[in-house]
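Geometric and topological summary
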Amino acid sequence: MRPPVDLPWHKITKQLQDAFGYTDTEIEAYNSLDGDKEALLKLYKAMMLARGFENACNQQYMQGKIRGFMHLDNGQESIPGLVDYAVKTQDKKFSYYREHTHALASGCDPGAVMAELMMKDTGSCRGAGGSMHIFDKEKYFQGGWALVSEQLPYAAGAAKSILLDRALGLSDDEKIVKGNVAPPADDDRISVVFIGEGGAQNGRMAELLNAASKDNLPLLIIVIDNGRAINTFTPDIARNSNVYQQGMHYGVPGLLVDGLNAVDVAKGGKAVVDYIRAGKGPAILQVHTYRFNGHSPADPEHERGRKEEKAWARNAQDPIKAFEDAYTANGVFTEDDLKAAKKEILAQVKASVEFADKSPMPPVELAKELEYPDKPSTDYNVRSGPAWADEVNQRTISSSQMETIQAHIAALQQKAKDGEISIGDAINLAIHEEMLRDPTTTIHAEDLQAGSSYDIPKLTQQTYGQIRAADEIIDEGHFIGKALGEALNGYRPIVELMNTNFGIYGMAELSSAGNTFATTGGQFDMPMTIIGAGGTAPDQALGAEHSQPFHAYVMGIPGLKIGTAASPDAAYGLTKSMIRDNGPCFLFAPVKMMKESKGKVDIGKCMPLNKAALLHEASEATVKAGKAVTVLTYLHGVKEATASIDAIREEGFDIDLIELRSLKPLDMETITTSLARTNKMAILDESTKSGGVGATISAQVSEELFDLLDAPVKRLCMDDAPVPYASSMEKAVVKRGSDLIEGVFNLCTKKF
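Here's what I pulled together on the structure shown here. Bear in mind that the values here come from a model prediction, so they are computed numbers and not experimental data. (Residues numbered from 1 in each chain as written. Predicted model: local features only at pLDDT ≥ 70, side-chain atom pairs only at ≥ 80, totals over all residues. Heavy atoms only, no water.)

A few words now on the overall build of the protein. Scanning the protein from N- to C-terminus turns up 27 helices and 25 strands. Against the globule reference of 27 Å for 752 residues, the protein gives a C-alpha radius of gyration of 29 Å, in line with a compact fold. Judged by the C-alpha coordinates and their principal axes, the protein covers about 100 × 60 × 45 Å. Among the 752 residues that make up the protein, the fraction classed as buried is 60%. Summarising the internal contacts of the protein: among those between residues at least 6 apart in sequence, 80% fall at separations of at least 24. Carbon and sulfur atoms form 51% of the exposed surface of the protein, whose accessible area is close to 28,200 Å². Counting 78 positive and 102 negative side-chain charges, the protein places the averaged centre of each group 2 Å from the other. (Helix = DSSP H or I, 4+ residues; strand = E, 2+ residues; numbered from the N terminus. Rg over C-alpha atoms; globule rule 2.2 N^0.38 Å. Buried < 20%, exposed > 50% of the residue type's maximum accessible area, 1.4 Å probe, protein only. Contact = heavy atoms within 4.5 Å. Areas by Shrake-Rupley, 256 points an atom, 1.4 Å probe, with all protein chains shown as cover. Lys, Arg positive; Asp, Glu negative; His and termini not counted. Charge placed at Lys NZ, Arg CZ, Asp CG, Glu CD.)

Spelled out as structure tokens, the structure:
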């Protein structure tokens, strides 16, 4: 059984002196809480609200009114007590799936939280989030995240947004929208993230500490140390459970406190918070505590000694009981004082349950409404940027920097007019135009200062500074996560992946980016743009890991708009639209064509995010003769198909060549119009036979347009085998123009 920790106040004081540089005089100021009856009563009420609410949740769960997974916090009430005592409303708060009490302590309405758990329309997220996804935009409570440790980079991005506000002179208005008003001179906001000591063993923790230290982020990491990673005894799986010491290598101080003593947690925690508010950088607070309940009421409790430990902890490690005993014994409170407070709080809890019970369920239509913040049909050309953009640019970009970037933009625009601009340069041009149009636009990339591999982020840091254009460590999940945190807080981050396959490291973050607008009940937009080169060209000789169809992997993530661009014009227009979109967008460009493909660009024009492009139309003669085929393709397939048109026509056939610039949502209108002419379809697909883009499209066409088909859809897709390096073997896996020519011939000559 896990022993208690021996941490009286004088030992906490010593830590504050050694790790944080506090003096005796400075520490003495925190002792005022011991005799402050009003503050102590407030602390007690915060703990009682947490305990009473969780008990009510358990009752509702057992009655079937709360469903799914639910994770209770009984025994750890000193932590919401600290939040109520030391964390402000405008501080950004990021919790994990055991977040009810953190939300309440942050000021979220108990009725709205209970209604969310009971899947009601009056819930904090309109019943779309549930127990593990509590959000409240006005209280800056930003989750509720269900994947272990995913919240860590999000909190870093939120902390970065505070620094962005200060650097750019922006702040939130009453509607939590960025305005051209500088934060107050005494702005001391911080970002707070909660993590279990088991979750803190995740690699995201090291990345967070590195980023927080490097950028001196105003970030508090609260480690809830209950000795369990789910149910497993943490020392069984972790070499060092002293998470508060993990920051030493990065210059991030840590403090360990005993969760049994809520007043010491509040005093020590307030000292750590004040250290961060003073601009001294990030810090860790580890609270040694015990959780009275199992991981979830739905989970078995078969682990070694857990039942005995819980019984002992309820008797000997209850922070509420310890508080009551200590402060009635020393005369600060009478038993009647505490009974009255408890009665008041339990009445609030009861009212929250009654409110949730009486509330209606959300309408069925809400689910589809929460798919995207912006409708797929949005015309981004009419979407204006902030009226104050020029003012912000003038005060944040020097005249020499502005002269340099305007010359760079002018040179790219001339290339675009002359038909000499590449895909990479077209994206770079769009990014600079949008970053000047809207100063809330930021960018993250590896090797960003050097322009990455394709010049996509070229001159961004040199122009906008490191605060808006961040060079990142080599972990895409980390900086996609930071971008997500910025997007939650009023910024429009761009993430350049260099090669989109590296996004595999960020699948958790990409999934949450797609889900966030929905799970928050539409409270939080997610204006994030992810761009990179990818796909699988014939004979590209990059091997299996650089040739994976990542575009197919992310097709199944709800809430993402996914586009492809095989020409500079498409790359430019789609990039601009995606940056202006209020949801998460992912643009794939063809890795082997980034510098090779040249063309003209319609300067200033945004392209729709829901439309395919008809690149070549079959002749009426071939259509009437039944010798025309609708060909759908994207990325390198556009080059292969275009190069095959003459050979196809020489055989007496022709094609409607459609570039799928929007993989999701799919442009079924354009597909239908073409298929109604040709009645035959081939898909030149840069993804695998199983689970590929072509599989999805073929199924949808067969389901919705079956009557238009005179033959089965011809899928010319990659084999399920990994893509070989050697070109002799690669021909067996990757399809090319010759396969398309043969496929068109078969569709037009074979009897079905």
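Here the narrative resumes, following the displayed structure.
Considering the arrangement of structural elements, one finds threonine 234 in the loop between strand S9 (232-233) and strand S10 (254-258). When its relative accessible area of 1% is taken as the criterion, threonine 234 is described as buried. With 37 residues separating them in the primary sequence, threonine 234 and glutamate 197 have C-alpha atoms 7.8 Å apart. Contact partners of threonine 234, with chain neighbours within four places excluded, come to Glu197, Gly198, Gly227, Arg228, Ala229 and Ser241. Here the side chain of threonine 234 touches arginine 228 through a polar contact of 3.2 Å, landing on its backbone nitrogen. (Polar contact = N/O pair within 3.5 Å; in protein donor to acceptor, adjacent residues only side chain to side chain.)

Time to look at the packing of helix H3 (residues 37-62) against helix H6 (residues 110-117). The N-to-C vectors of H3 and H6 enclose an angle of 25 degrees; their axes lie 11 Å apart at closest approach. When the axis of H3 is compared with that of H6, the two are roughly parallel. The element H3 and its partner H6 pack so that their crossing is right-handed. Residues Phe53, Ala56, Cys57 and Gln60 of H3 form the contact with H6, whose own contacting residues are Pro110, Val113, Met114 and Leu117. Of the residues that constitute the contact of H3 with H6, the class distribution is seven nonpolar, one polar and no charged. (Axes fitted to C-alpha atoms, helices over the stretch in contact; angles between N-to-C directions. Parallel < 35°, antiparallel > 145°, perpendicular 65-115°, else oblique. Left-handed = near helix turned anticlockwise from the far one by under 90°. Nonpolar A, V, L, I, M, F, W, Y, C, P; charged D, E, K, R; others polar.)

Where strands meet in a sheet, backbone hydrogen bonds hold them as pairs that are either parallel or antiparallel. Here we have seven strands laid out as an open sheet, ordered S14-S13-S15-S16-S18-S17-S23, and mixed in their pairing. Either end of the sheet is taken by a strand with one partner, and the two such strands are strand S14 (469-471) and strand S23 (662-664). For this sheet, the mean inter-axis angle between neighbouring strands, taken without regard to orientation, is 20 degrees. Relative to S23, strand S17 (residues 561-564) is paired through two bridges, and the arrangement is antiparallel. (Pairing = 2+ DSSP bridges.)

Attention now goes to the pattern of salt bridges. The final tally for this structure, using the stated rule, is 43 salt bridges. Residues arginine 51 and glutamate 77 are paired through a salt bridge, measuring 2.7 Å at the closest nitrogen-oxygen approach. Here glutamate 77 lies in the loop between H3 and helix H4 (78-86) and arginine 51 lies in helix H3, a separation of 26 residues in the sequence. For the pair formed by arginine 51 and glutamate 77, the shared burial category is buried. (Salt bridge = Lys/Arg side-chain N within 4 Å of Asp/Glu carboxyl O.)

Let us now look at helix H24 (residues 668-678). Looking only at H24, the buried set comprises Met668, Ile671, Ser674, Leu675, Arg677 and Thr678. Two or three places before glutamate 669, at the opening of H24, aspartate 667 has a side-chain oxygen 3.3 Å from that residue's backbone nitrogen.

Applying the stated criterion across every chain, the model contains 15 aromatic pairs. Here the aromatic rings of phenylalanine 586 and phenylalanine 588 are separated by 4.2 Å at their centres, their planes lie at 5 degrees, and the arrangement is stacked. Ring pairs connect the aromatic residues Tyr44, Phe323, Tyr327 and Phe333, which therefore count as one cluster. Over the face of the ring belonging to tyrosine 290 we find arginine 2, whose NZ or CZ atom lies 5.3 Å from the ring centre. One residue, lysine 561, lies across the ring of tyrosine 372, its end atom 5.0 Å from the ring centre. (Phe/Tyr/Trp six-rings, centres within 6.5 Å; stacked < 30°, edge-to-face > 60°. Lys NZ or Arg CZ within 6 Å of the ring centre and 35° of its normal.)

In this section: unusual backbone geometry. Cis rather than trans, the peptide bond between glycine 143 and glycine 144 has omega equal to 5 degrees. Position of glycine 144 relative to the elements: it lies in the loop between strand S3 (141-142) and helix H7 (151-168). Cis geometry is adopted by the peptide bond preceding proline 665, which originates at lysine 664 and carries an omega value of 0 degrees. If you trace the backbone, proline 665 turns up in the loop between S23 and H24. At aspartate 539, a position not held by glycine, the phi torsion is positive, near 60 degrees. As for its position among the elements, aspartate 539 is in the loop between strand S16 (529-534) and helix H20 (550-553). Owing to a relative accessible area of 48%, aspartate 539 belongs among the partly exposed residues under this scheme.

Orientation of H7 relative to helix H8 (residues 203-214), taken along the N-to-C sense of each, is 15 degrees, at an axis distance of 9 Å. Taken together, H7 and H8 sit at an angle that is classed as roughly parallel. For the pair H7 and H8, the crossing hand works out as left-handed. Along the contact surface, H7 presents Leu152, Pro153 and Ala156, while H8 presents Arg204, Met205 and Leu208. Looking at side-chain class alone, the contact of H7 with H8 contains five nonpolar, no polar and one charged residues.

A few words on the side chain of aspartate 187. Its place among the elements puts aspartate 187 in the loop between strand S5 (178-179) and strand S6 (191-196). Taking relative accessible area as the criterion, aspartate 187 reaches 15% and is therefore assigned buried. A polar side-chain atom of aspartate 187 sits 2.9 Å from a polar atom in the side chain of arginine 166.

The next point concerns the nonpolar core. With 70 residues, the main nonpolar core has Ile221 and Val701 as its most contacted residues. In terms of residue count, the dominant contributor to this core is H7 (seven residues). Counting 45 residues, the second largest nonpolar core, distinct from the first, contains Met435, Ala565, Ile579 and Val638. (Core = buried A, V, L, I, M, F, W, Y, C linked by side-chain atoms within 4.5 Å.)

This part takes up the environment of valine 623. Along the polypeptide, valine 623 turns up in helix H22 (residues 620-624). Residues valine 623 and aspartate 654, 31 residues apart in the sequence, show an inter-C-alpha distance of 8.1 Å. Sequence-distant contacts of valine 623, that is, excluding residues within four places in its chain, are made with Ala618, Ala628 and Arg677.

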